[in-house]
Amino acid sequence: MELLRRLGGLHGALMMHQSGGCCDGSSPMCYPAGEFIVGDRDVLLGLLDLRAEVGTVADDLPSDGDAVPVWISGSQFQAWKHTQMVLDVVPGRGSGFSLETPEGLRFLSRGRAYTPEENAELESQDPITGAQWEEGARPTVPTESIVVAEAVDACPVPGMAIQG
């Protein structure tokens, strides 16, 4: 969240797209809002709230520069829809097209397979597509915090004990 806030201060409103590969691998890419064309069939993975802190839950959706929509292509979503994508930041050089490149940090996607119960809940909801977003569709306000201090808090690494 700190890196996104810093990038937002430099570049204005932001958006992210989970890259499907090619020259930049499969990294989450950060762009100024509107600089990456979201396709009609792209799927909204989430709406990051730059007002959020670890453990907080907002009463409403973020807007303007506080909202960072995170997108993925429709075909890639079909392959990953059973996986919780956790956005992390690690030291290193970001990709050539993503805004964090000169920061000495890079965005990284981590994944955790959803439980059968989580999959059943997700199947009861249709994801928001780029076309629906353009028509004004928005996700519901989260009922629990989506910001953690460390990625391992949301996406444990197999074989490693979680520090308590």
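Scroll up to find the structure this text is about.
Computed from a predicted structure; not experimentally measured.

Overview of the packing of aromatic side chains
As enumerated under the stated definition, the model contains 2 aromatic pairs in all. Judged by centre distance (5.2 Å) and plane angle (20 degrees), the rings of Tyr31 and Phe36 are stacked. The partly exposed category is assigned to Phe36, whose relative accessible area is 25%. Aromatic pair Trp71 and Trp133: ring centres 5.6 Å apart, planes at 85 degrees, arrangement edge-to-face. You can see Trp71 sitting in strand 4 (residues 67–72) and its partner Trp133 sitting in helix 4 (residues 130–134), a full 62 residues away along the chain. The exposure class of Trp71 is buried, given its relative accessible area of 2%.

Comments concerning the nonpolar core
Counting 12 residues, the largest nonpolar core is built from Leu3, Leu4, Leu7, Leu14, Met16, Cys30, Leu48, Leu50, Val68, Val70, Leu99 and Phe107. Of all the secondary structure elements, the ones that give two or more residues to this core are helix 1 (2–11), strand 1 (14–18) and strand 4. In this structure, Val68 is in contact with Leu14, Met15, Met16, Gly46, Leu47, Leu48 and Leu50, ignoring residues within four places of it in sequence.

Section: the side chain of Ser98
Structurally, Ser98 is set in the loop between strand 5 (83–91) and strand 6 (105–113). Ser98 sits in the buried class, given a relative accessible area of 4%. In this structure, Ser98 is in contact with Pro28, Met29, Cys30 and Phe107, ignoring residues within four places of it in sequence.

Digging into unusual backbone geometry
Although it is not a glycine, Asp64 adopts a positive phi angle of roughly 50 degrees. For Asp64, the location among the structural elements is in the loop between strand 3 (43–49) and strand 4.

Here's the deal with the pattern of salt bridges
All told, the structure shown has 7 salt bridges when counted by the stated rule. Here Arg6 and Glu103 are joined by a salt bridge, their closest N and O atoms 3.0 Å apart. Of this pair, Arg6 sits in helix 1 while Glu103 sits in the loop between strand 5 and strand 6, placing them 97 residues apart in sequence. We classify Glu103 as partly exposed; its relative accessible area is 25%. One salt-bridge network, held together by shared partners, links Glu2, Arg6 and Glu103.

What counts, and at which threshold
Residues numbered from 1 in each chain as written. Predicted model: local features only at pLDDT ≥ 70, side-chain atom pairs only at ≥ 80, totals over all residues. Heavy atoms only, no water. Phe/Tyr/Trp six-rings, centres within 6.5 Å; stacked < 30°, edge-to-face > 60°. Buried < 20%, exposed > 50% of the residue type's maximum accessible area, 1.4 Å probe, protein only. Helix = DSSP H or I, 4+ residues; strand = E, 2+ residues; numbered from the N terminus. Core = buried A, V, L, I, M, F, W, Y, C linked by side-chain atoms within 4.5 Å. Contact = heavy atoms within 4.5 Å. Salt bridge = Lys/Arg side-chain N within 4 Å of Asp/Glu carboxyl O.

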